[in-house]
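Geometric and topological summary
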Amino acid sequence: MSDTHLPKRAKQLPDRLLAELPHADVVLHAGDWVDTDTLDLLESRSSRLVGVYGNNDGPELRARLPEVAYVELGGVRFAVVHETGAAQGREARCAARYPDADVLVFGHSHIPWDTTAPGGLRLLNPGSPTDRRRQPHCTYMTATVADGRLTDVHLHRLPPRTVAS
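Below is a short write-up of the structure. Small disclaimer: the values here were computed from a predicted structure and weren't measured. (Residues numbered from 1 in each chain as written. Predicted model: local features only at pLDDT ≥ 70, side-chain atom pairs only at ≥ 80, totals over all residues. Heavy atoms only, no water.)

**Quick word on the nonpolar core**
A general feature of soluble globular proteins is that nonpolar side chains tend to end up buried together. M1, L13, L21, W33, L42 and L65 are the most contacted members of the largest nonpolar core, which has 17 residues in total. Taken together, the elements giving at least two residues each to this core come down to α1 (15-20), α2 (36-45) and β8 (138-146). Contacts of L21, omitting those with residues within four sequence positions, involve M1, V27, L42, R45 and S46. Counting 15 residues, the second-largest nonpolar core is a separate cluster that includes V50, L73, F78 and L124. (Core = buried A, V, L, I, M, F, W, Y, C linked by side-chain atoms within 4.5 Å. Buried < 20%, exposed > 50% of the residue type's maximum accessible area, 1.4 Å probe, protein only. Helix = DSSP H or I, 4+ residues; strand = E, 2+ residues; numbered from the N terminus. Contact = heavy atoms within 4.5 Å.)

**Here we look at the pairing of strand β7 (residues 122-125)**
Bridging between strand β5 (residues 103-105) and β7 involves three bridges; their strand directions are parallel. Looking across to β7, one finds that L104 is bridged to L123. As paired elements, strand β6 (residues 113-116) and β7 share four bridges and run antiparallel to each other. Across the sheet, residue T115 finds its bridge partner in β7, namely L123. (Pairing = 2+ DSSP bridges.)

**Describing α2**
Every buried residue belonging to α2 is among T36, T38, L39 and L42, and all of these are buried. The buried side chains of α2 occupy one side of the element, clustering within an arc of 155° when seen end-on. Turned more than 90 degrees from where α2 packs its buried face, D37 and S44 sit exposed. Tucked into the core, α2 has its buried residues touching β1 (27-29), β2 (49-51) and α3 (59-64). (Arc of directions from axis to C-beta.)

By themselves, these are just geometric observations and shouldn't be taken as functional.
Dropping the structure here:
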């Protein structure tokens, strides 16, 4: 997930997303948490959390999170970062910047993204579960790592929030 922006864009994470957390071996968050309560919540409900800070994250979050995180999961090398720059030329730019990664998870735009750069780097942006901006839905992604490969990447579309959420 990325760009949760709590409590500015929503008061809480969607129930459906929270229900998935205990089933995930690892939760990745690509920045723009905005508050430390969200980090604390995800740390308490996740088996393992890998996160980075984003441009809207203040000193408390920056003290607890790196700008870029690297993790190997089941033989797949992940990099997580908030910003990657403009969409134009993103694949080539990121392939050059993260040559040792197999998958780059990023955020910032709130626009879901799933492409593969020449050379094989997979770029994934899960969108935002709380702030759809100009997108039709709030979103997050799940994926499976099996036999050293990333499989079953799925973009989950969340139903519109009710006024009370």
